[in-house]
Amino acid sequence: MASNKPSSSRTLKYNDGATQFRLRLIVSLLSSRPLLLRNIRSDDLDAPGLHEHEASFLRLLDRMTNGTKIEINATGTQLRFKPGVLLGGEIEHDCPTGGESGTGGRSVGWFLEGILPLAAFGKEPLQLTLRGITDGTSDVDPSPDYLSASFVPLMIKLGIGNDDTPPPSLRVTRRGAAPAGGGSVEFYCPIVKELTPLELVDFGKVKRVRGTAVSCRIPPSSAARVAHAAKGVMHRLLPDVWIHTDVHSGSGRKRKGAGDRTGDASAAGCGPSPGLGVLLTATTTDGICLSTECSMNHNVSSESSNPYQQQNQPVERRQMELPEDLGKRSATLLLHEIHGGGCVDTSCQSFALLMMCLTPEDVSRIRLWALSQYAGVSLRL
């Protein structure tokens, strides 16, 4: 049986295909060691080799670096990656959406999650513009709003951005829900010479909860119903809960809902697909931020509890998840994270552990809840 562990030579060699694809490329760039991936979906007869979004991520890394060499065999099942030097600068990139079928595409959050560990180590500050899907994929990919609420504050705690340089920032300039996309995101990150060791062990007490309910091409009342349902659950924990609505139409104008104070995204309207999602962030007395997000489930059926019957129902007989159920589900997930008592939320664990490896020799300490499967595999890399 082929080993999944890297060899002892300078080249990082893996025989288990596209597992931890982005993370292995990140480690290759940060360690300046060549990477060899074999058996990339070699058993998949329908679509062997690299997928469209993975090839697009390689093109993005190639634009961010100088001297990078990428070799892919004819079938796409083997990749040789020789890392170059990270440059930074102004970069624009189109992320594949996969069209109406949704196959072969990922959201801009998937690309940003792979870029964030590299952003601060270039020759000059990174100004990245990504276009594609921004909302509606929280079950598989993080949204830019979630990365801004969870990952970016952790980067600031690591010393990225000081008195002389502005801190990292992530801004959605145009919304684009799955599957058609059409959104745009701007990310800025200054360079850093040395990271600051992390010391996140004290959780404290939850003092406030903030959130945003985002809707695209859906009646404005839906976002308000999500916010009301989420507040109904969170008020059992504390009174300081505030959730504003961010409602977008396709007319190029943004409707303002109750409590809306955002004004930077978007005179440009939104993409062609409808979508509804919510992001909640809890802040503690010790400065810990825990975030969760949910997007509307489009495959809910109330007519039958039989999975086989649900699968064979025509599309017009299916219905979307109720906004009230979406709000309650998001609030329950946040309460679950708070109950765990970790100093970073579950989806941020892998990023936090990777950045701790890049800090100086001073000891970094962090308090985690139960490790996610992704973070556990990352530790074995």
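Residues numbered from 1 in each chain as written. Predicted model: local features only at pLDDT ≥ 70, side-chain atom pairs only at ≥ 80, totals over all residues. Heavy atoms only, no water.

(A) Geometry of the overall build of the protein chain. Scanning the protein chain from terminus to terminus reveals nine helices and 17 strands. Residues counted as buried form 49% of the 381 residues belonging to the protein chain. Restricting the contact set of the protein chain to residue pairs at least 6 apart, pairs at least 24 apart contribute 68%. (Helix = DSSP H or I, 4+ residues; strand = E, 2+ residues; numbered from the N terminus. Buried < 20%, exposed > 50% of the residue type's maximum accessible area, 1.4 Å probe, protein only. Contact = heavy atoms within 4.5 Å.)

(B) Fine view of the packing of aromatic side chains. Summed over the entire model, instances satisfying the criterion amount to five aromatic pairs. Among the aromatic side chains, those forming a connected cluster through ring pairs are Phe 57, Trp 110 and Phe 111. Lying across the ring of Tyr 14, Arg 24 places its NZ or CZ 3.8 Å from the centre. (Phe/Tyr/Trp six-rings, centres within 6.5 Å; stacked < 30°, edge-to-face > 60°. Lys NZ or Arg CZ within 6 Å of the ring centre and 35° of its normal.)

(C) The pairing of strand β15 (residues 275-284), seen in detail. When you tally the buried positions in β15, you get 10 out of 10 residues, the bulk of the element. Where burial is concerned, the two faces of β15 agree: the one with Gly 275, Gly 277, Leu 279, Thr 281 and Thr 283 and the one with Leu 276, Val 278, Leu 280, Ala 282 and Thr 284 are both buried. Bridge count for strand β12 (residues 206-216) against β15 is 10 bridges, and the pairing is antiparallel. The partner of Val 206 across the bridge, within β15, is Thr 284. Of the pairings in the sheet, the one linking β15 to strand β16 (residues 289-295) comprises seven bridges and is antiparallel in character. In the strand pairing of β16, Thr 281 is matched with Ser 291. Here β15 folds back onto β16, and the loop between the two strands holds four residues, one of which, Gly 287, carries a positive phi near 80 degrees. (Pairing = 2+ DSSP bridges.)

(D) The pattern of salt bridges, seen in detail. Scanning the entire structure with this criterion turns up 14 salt bridges. In this structure, Arg 131 engages Glu 92 in a salt bridge whose closest nitrogen and oxygen atoms are separated by 3.5 Å. Of this pair, Arg 131 sits in strand β8 (residues 126-132) while Glu 92 sits in strand β7 (residues 89-94); the two residues are 39 residues apart in sequence, bridging distant segments of the chain. Residue Asp 94 is joined to Arg 131 by a salt bridge in which the shortest nitrogen-to-oxygen separation is 2.7 Å. (Salt bridge = Lys/Arg side-chain N within 4 Å of Asp/Glu carboxyl O.)

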